[in-house]
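# Architecture and fold: a report
Below are the chains, spelled out letter by letter.
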Amino acid sequence: MTQATDFHAPAGLRTRGTVVIVPGRGETPATYARFGARLAHDAYRVRIVALPPTDASFLDALARGLSEAVGGLGAETADGLPRPLVLVGSDLGAAGIAALLDTASPAAAWWPQAVVLAGLPGGGSQAGGGSQAGGGWEDELDVRTACPTHRGVLTGDTAVERGALAGAVPQDLLDAAYASTAEIPHLLLVGDADPLADRDAIARAAKTLPKARLSVVRGAHHDVLNDLQHRSVAAEVVTFLEALRDELTPAVTVEASAW
């Protein structure tokens, strides 16, 4: 899990925190370049890591990769890692982060101040992947995103594993992910057109977690960070990051509105 893509805060601005992003099935760090660049533009240090193989050592490999990423970022400056540290995961990356929070110690080097879990898969979440409607690449893209730019990114990246969504997420991993009661703040993001999501399970998880916000993105598919609504989704994430810096107090509240 040494492959990574980095984005830095603009020169001259104080870095407001650190974000480490873990992709989902079939994806590469390049899949999240647009999202990472947008967060970095708002003065966050961003590193996108590679997803380890889905085998018996998946969680151990993920924890090692996160520790390596956090350690490397912390060594960049004399002041250490810019905090808060927030882990962002999509699909299998989201499930892996959630499962680690359920099984690991808060003393772990990678333990974050908050997490963003996007497109958290449900049980049987492979059914809508590469097998849908004949299992062609266009069918998998339809499950992932309606954004033409992102469809082009996925299609043009030869390292993207086509058909990856047809592979099942291990049930024990999902069980651990949905069992987590970690007390750190969670932002859960799901598209209301995501065929791989278990909305009921995600809603129950949001109620079980001590500090959770569930945001549903209208019309978004499985790749909720990279669908047509990516600007609004990134704004929701930045709003969460900024609130986290002030004990989850939002900087803007609506006092009156006609819409």
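Now for a description of the structure that goes with this document.

Parameters at a glance
- Residues numbered from 1 in each chain as written.
- Predicted model: local features only at pLDDT ≥ 70, side-chain atom pairs only at ≥ 80, totals over all residues.
- Heavy atoms only, no water.
- Salt bridge = Lys/Arg side-chain N within 4 Å of Asp/Glu carboxyl O.
- Helix = DSSP H or I, 4+ residues; strand = E, 2+ residues; numbered from the N terminus.
- Buried < 20%, exposed > 50% of the residue type's maximum accessible area, 1.4 Å probe, protein only.
- Core = buried A, V, L, I, M, F, W, Y, C linked by side-chain atoms within 4.5 Å.
- Contact = heavy atoms within 4.5 Å.
- Pairing = 2+ DSSP bridges.
- Axes fitted to C-alpha atoms, helices over the stretch in contact; angles between N-to-C directions.

## Considering the pattern of salt bridges
In a structure, side chains of opposite charge can pair up when their charged atoms sit close to one another. Considering all chains together, one arrives at twelve salt bridges under this definition. Between Arg-47 and Glu-76 there is a salt bridge; the shortest N-O distance is 3.7 Å. One end of the pair, Arg-47, is in strand E3 (residues 45–49); the other, Glu-76, is in the loop between helix H2 (58–74) and strand E4 (85–90), and 29 residues separate them in sequence. Judged by its relative accessible area of 14%, Arg-47 falls in the buried class. On the basis of relative accessibility, which here comes to 38%, the residue Glu-76 falls in the partly exposed class. The salt bridge involving Glu-140 is made with Arg-144; its shortest N-O contact spans 3.4 Å. In this pair, Glu-140 and Arg-144 are both assigned in helix H4 (residues 137–144), four residues apart and thus about one turn of the helix distant. Side by side, Glu-140 and Arg-144 carry an identical accessibility label, which is buried. Salt bridges sharing partners connect three or more residues here, namely Asp-6, Arg-45, Arg-47 and Glu-76.

## Looking at the nonpolar core
Ranked by size, the top nonpolar core spans 42 residues in total, and within it Val-20, Leu-66, Leu-87, Leu-101 and Trp-110 carry the most contacts. When residues of this core are traced back to their parent elements, those giving at least two are strand E2 (18–22), H2, E4, helix H3 (92–103), strand E5 (114–118), helix H6 (171–179), strand E6 (186–191) and helix H7 (199–208). Broken down by element, the residue count for this core peaks at eight residues, all from H3. Beyond its immediate stretch of four places on either side in the chain, Leu-101 contacts Trp-110, Trp-111, Pro-112, Val-115, Ser-180, Ala-182, Ile-184 and His-186. Listed in part, the 28 residues of the second largest apolar core include Phe-35, Tyr-44, Ala-114 and Ala-220.

## Concerning the sheet that holds E3
If you trace the seven strands from one edge of the open sheet to the other, you get E1-E3-E2-E4-E5-E6-E7, paired in mixed fashion. Both outer strands of the open sheet, strand E1 (4–7) and strand E7 (212–217), are each paired with one neighbouring strand and no more. Shown here is a sheet whose adjacent strand axes are inclined to one another by a mean of 15°, direction ignored. Note that E4 and E5 share five bridges and pair parallel. Within E5, the residue paired with Gly-89 across the bridge is Leu-117. Contacting E2, E4, E5 and E6, H3 runs over the sheet at an angle of about 130° to E4. Sitting on the sheet, helix H8 (residues 230–244) touches E2, E4, E5, E6 and E7, and the angle it makes with E6 is about 170°.

## Remarks on the pairing of E3
Across the five residues that make up E3, a large majority, five, are buried. As paired elements, E1 and E3 share four bridges and run antiparallel to each other. Considered in E3, the bridge of Ala-4 is made with Val-49. For E2 and E3, the ladder comprises four bridges, and the chain directions are parallel. Within the sheet, the bridge partner assigned to Thr-18 lies in E3 and is Arg-45.

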